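# Structural overview for review
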Amino acid sequence: MNDIKSIARMLADEAGTAQPITRERPFPVSDMPMMVIPIELAGESPSLFALGVATGANDLQIAICHEPRNRTGQYDMLERAAGFMQSIVAAWDADPLLLPQIVTPSLGASRLALAVIDRMTFAPPSRQALKDLGRRIYVADSSFERADSSLVFDLPTALGRLYATGQDDHADQHLGVVLEWLKPADGRIHHRVREAEAYPASTATSPELDNEELVPRLEAYRTARRIHDAAEAARLEDEIDAILVEEVKRRHELMIQALAAIRVFPDSTVARTIQAADRGRFDRYRTYASNPANNISRGLAHLYGTAQFLEREFAEDLVGGLAMRSVSGERSAARLRGEIVVAEVLNRTITQNKKAITVIYELLSTQDRLSIRPGDKLVLLGPYEFGFKIRSYGQTQAGTRIEAELTAGKTKPGQPAIGDTIEIATPMTDNFRIHRTMDIAWNRFRSNRVLPQVSGPVPVQHDLLSIVQRARRLQPTARGRTRP
Amino acid sequence: MHDVAKNLRGILPHANIDARRLVLSAKNPSCVRLRAILMSGIAPATLVHEVFGFSVSAEQSGFALRQGSSFEAQLYANGAARLIASLQDAGLLGPSRVSVLNINNIPGLNSSDARIRRMAQRSAIKVTEQAIAARAAGRANAPNLILQANLRLSLGTGGEEVILRPDVLYARGNDPVYRVGEAKSFSDLAHLTDEQDVATAAAQAGVYTVGLEEVMRSAGVHHTILTEAALIFRRPGSMNAVTTLQSIDRDIATARRMLAQRPRSLSDVVQILGPGKALDQAGNVLQLPSTFMGGCRSFCPLWQVCLNEARAASSPRALGTSVEELVGAVGSVRRARELMHGAPPGNPVEADIQRRLQEGMTELQRAVA
Ligand code: SF4
């Protein structure tokens, strides 16, 4: 995507407004996402001041904890938020067509949301309702940052896959700023950006707000509680509430705008594939977690780490291939990188030796970059994926001349003809092969015997002599008999 | 040389350079501007405010500050019991007797009398150097832990001398060399720990390790420096620590590169500016070459100044590293756009970039059509 996005950035800079970089959306968006807006106590992640939860249908609920360092207060707040989260999860459970999805205002907020789910899942036994909810959505943890999942996503990153702004990647992490770029040009973009930057859109409140508003009130609140001045404590609670509600509401407003801008783009095939994968993952996990006897693995359990790594690698391949075929922006980027070869058919020769048919294509590509080598297997990007094997290539005045042998579909109709312009690329990773490899990997891990815990010295006896003697007795002779 | 630094500061107040500030420079090692400002003993946030009139919030949130200092206090309390337990849990200290040297206990370090403070600091440096030499020599009385060691590091030739204070230097059993431990009140959230937090702590540990190496060499100790550091973070919901051993090869290399960069001395800075010029004037600051990058926003108080400058010059840096990689060779975004829209290229490099831009432009149009 780099060159396309860079060019679009230069155009956005000139126009003073963001430029789209694709026609379709490479990821799905739920009709009922769980918008999670955590506000943390600076330096105290994952202790929260406030947690906003919404679905985008004018239903923002905010739970506040006036004393984030108090564990009981934290769990009480989480329980209040969990009440609303619970109703969203119930809706996901009831409608198999709904995509379970957690949406946040920043990457930091996504991490914090996962830390909150972790905290719920492993809450003390007295908080059973929290534990139950945490278990049901803990699947989000292992799905995070997977190419084939949109179970958890942050809006600035999502917008960055659809639009280019006239600023750098780092600045694009501020949701409020990106939304300013999405507005029509008015010649004041840098001024508007500076204004938006003054209001944090991620998890922390600004140091000025902390130092001038929150710190003194929190201190006064603690004092009021200590001296049992209920009226003063209640007054301060109201004031702290007002500040935090304002912070959550501002982020919520930005998120609503961002979701609207994202929904303008139609779903692509890869988005639908990711949606199906996420829904399947959520359902399987729900079945697993509904049995209290099943343990939840926290983070990437080291035993399964390799298998999970493999799975992620395969997913990356699969989603990359699909995106290239179904998202215009990804396809253009792949052409620029030379991963899709665009070539004109110069010649096509068919030879027959007894029953064997050989079809050789001579192609000409004018692309600047090509990522092919002799022996590469490529397929035609079209309704039927004819297979080619690159035999050789060489540079000429007109471009790169490629000799490719048709290896699949030799007898099929609709083969490219002389004068056609074709696009060929690496074939998609075969889903069946991925599953087979993963099944083997998982089975190996599962069949790993759990080694017993040993404490104290273990007596070990080696009787090498008897081992050798036994081996000799079983060794076959040259005539196929066992030697005595 | 102190006079040179004073002249360069002009009316701006002197600020001590600590590792936190040095790490700023390590985050953009090719930036001459920031390095010169630091070498002259100027706090970048003060400069931005006083010279350019930007209101930057150099201050941290009161919550975070309190969090940091109380975590540190808890780590060092009761003979550093919490710290020792955490290092032992991570297998970085043996279970047997652990001897601790707390440099903070040297009297006079926090005295309000500058002369007493200076003397105490000299003694802190000496005690630290003695402990490092004792450990290298394998002496039994060498401490396993040095809290708040004072390491001297010279910032370029004739630049300010920096006193680095790593939170912990630790060594196991008879190890001849200390390793650096960096304590931060960041939460240890296992696989969800903020990458930026880890990077910041590791970068700081890299600078400390280079300082430790310099002290070792000047004390005649030639053991190889160890390229791992203990990152000591807070267990969420408590004041206990979780220690993780982190490889810091890259951070050490970055710190070395940063120290080897020009300007190596204050006279280099004077040479760039011309004689008699001070950094209390905007024009003089802007005369120092800068290399803005998006990441500057996260650590350098001057970012708005440098971004405005980059934008005014139509520098590709203002649009991020990928734009810079694509069109950096033509010098400006303006020129790149002209080429993209068909202006005749002036040389083979421009012709090459024009071809790439036009191909990209065609693809972009196809992608959104
Ligand atoms: S903001 Fe400017 S001075 Fe600071 S590191 Fe970046 S380029 Fe250098």
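Since the model is a prediction, treat every value here as computed from it, not as a measurement.

On to the site of the ligand, then. Neighbouring the ligand are the residues N28, C31, L34, S290, T291, F292, C296, C300, L302, W303 and C306 of chain B. Residue composition of the shell around the ligand, by class: 8 nonpolar, 3 polar and no charged.

This paragraph deals with the packing of helix α7 (residues 175-182) of chain A against helix α10 (residues 230-263) of chain A. Two measures define how a pair of helices packs: the angle their axes make with one another and the distance between the axes. All names here are of chain A. As a packed pair, α7 and α10 sit with axes 10 Å apart at the nearest point and diverge in direction by 45 degrees. With respect to α10, the element α7 is oriented oblique. Of the two possible hands of crossing, α7 and α10 adopt the one that is left-handed. Side by side, α7 and α10 meet where L175, G176, L179 and L182 of the first sit next to L254, M255, Q257, A258 and A261 of the second. Class assignment for the residues of the contact of α7 with α10 results in 7 nonpolar, 2 polar and no charged.

A few words now on the packing of helix α8 (residues 189-197) of chain A against helix α11 (residues 303-312) of chain B. The N-to-C vectors of α8 of chain A and α11 of chain B enclose an angle of 165 degrees; their axes lie 14 Å apart at closest approach. In terms of orientation, α8 of chain A and α11 of chain B fall into the roughly antiparallel class. The way α8 of chain A lies across α11 of chain B gives a crossing that is right-handed. Between α8 of chain A and α11 of chain B, the contacting residues are H190, R194 and E197 of chain A on the first element and W303, Q304, N308 and R311 of chain B on the second. Taken together, the residues of the contact of α8 of chain A with α11 of chain B break down into 1 nonpolar, 3 polar and 3 charged.

Now for the pattern of salt bridges. Residues and elements named next belong to chain A. One pass over the structure, following the stated rule, counts 52 salt bridges over all chains. For R251, the salt bridge goes to E247, with nearest N and O atoms at 2.9 Å. Taken together, the positions of R251 and E247, both in helix α10 and 4 residues apart, correspond to about one turn of that helix. The pair formed by R251 and E247 is uniform in burial state, with each residue classed as buried. A network of salt bridges, in which partner residues are shared, links D93, R136, R279, D283 and R286.

Interface extent is often summarised as the accessible area lost during association of the parts. Listed per partner, the contact involves 54 residues of chain A and 51 residues of chain B. When the two sides are added together, the surface that chain A and chain B hide from each other amounts to roughly 4600 Å², 55% of it contributed by carbon and sulfur. With a shortest N-O distance of 3.1 Å, R337 of chain B and D13 of chain A are connected by a salt bridge. Mapped by element, the contributors of at least two residues to the side of chain A that touches chain B are α1 (2-15), α3 (107-121), α8, α9 (207-226) and α13 (328-337) of chain A. A class-by-class count of the residues in the side of chain A that touches chain B yields 19 nonpolar, 15 polar and 20 charged.

Attention now moves to the sheet that holds strand β9 (residues 356-365) of chain A. Residue and element names in this part refer to chain A. Spatial ordering of the closed barrel is given by β8-β9-β12-β11-β10-β13, a layout of 6 strands whose pairing is antiparallel. When strand polarity is set aside, the average angle formed by the axes of neighbouring strands in this sheet is 45 degrees. As paired strands, strand β10 (residues 377-380) and strand β11 (residues 387-395) are joined by 3 bridges and run antiparallel to one another. Pairing of L378 across the sheet is with F388, part of β11. α13 rests against β8 (340-353) and β13 (421-425) of the sheet, and its axis sits at about 70 degrees to β8.

Another aspect to go through is the packing of aromatic side chains. Residues and elements named next belong to chain A. For the coordinates displayed, the defined rule picks out 7 aromatic pairs over all chains. With centroids separated by 5.4 Å and ring planes inclined at 75 degrees, the aromatic side chains of Y361 and F388 adopt a geometry described as edge-to-face. In this pair, Y361 sits in strand β9 while F388 sits in strand β11, placing the two residues 27 residues apart along the sequence. Accessibility expressed as a relative area gives 0% for Y361, which makes it buried. Take F388: its relative accessible area is 1%, and that puts it in the buried class.

To continue, consider the nonpolar core. In this structure, L22, L47, L164, Y178, L212 and L302 of chain B are the most contacted members of the largest nonpolar core, which totals 74 residues. Looking at which element gives the most residues to this core, the answer is helix α7 (residues 195-218) of chain B, with 9 residues. Looking at which domains feed residues into this core, each of domain 1 (2-17 + 28-59 + 264-359) and domain 2 (62-260) of chain B supplies at least three. Excluding its chain neighbours within four sequence positions, the residues that come into contact with Y178 of chain B are A131, I132, R135, A142, P143, N144, I146, L169, Y170, A171 and L212 of chain B. Within the second largest apolar cluster, 49 residues are counted, among which are I39, L162, L175 and F265 of chain A.

Turning next to the confidence of the model for chain A. The share of residues in chain A with pLDDT of 70 or more is 91%, and the mean pLDDT across the chain is 88. Note that residues 478-484 of chain A has pLDDT below 50 and, in this model, 11 contacts with residues that lie over four places away or in other chains.

Procedures and definitions
- Residues numbered from 1 in each chain as written.
- Chains lettered and ligands numbered in written order.
- Predicted model: local features only at pLDDT ≥ 70, side-chain atom pairs only at ≥ 80, totals over all residues.
- Heavy atoms only, no water.
- Near = heavy atom within 4 Å.
- Nonpolar A, V, L, I, M, F, W, Y, C, P; charged D, E, K, R; others polar.
- Axes fitted to C-alpha atoms, helices over the stretch in contact; angles between N-to-C directions.
- Helix = DSSP H or I, 4+ residues; strand = E, 2+ residues; numbered from the N terminus.
- Parallel < 35°, antiparallel > 145°, perpendicular 65-115°, else oblique.
- Left-handed = near helix turned anticlockwise from the far one by under 90°.
- Contact = heavy atoms within 4.5 Å.
- Salt bridge = Lys/Arg side-chain N within 4 Å of Asp/Glu carboxyl O.
- Buried < 20%, exposed > 50% of the residue type's maximum accessible area, 1.4 Å probe, protein only.
- Buried area = accessible area lost by both parts, 1.4 Å probe.
- Pairing = 2+ DSSP bridges.
- Phe/Tyr/Trp six-rings, centres within 6.5 Å; stacked < 30°, edge-to-face > 60°.
- Core = buried A, V, L, I, M, F, W, Y, C linked by side-chain atoms within 4.5 Å.
- Domains from an automatic or database assignment.
- pLDDT = per-residue confidence, 0-100.

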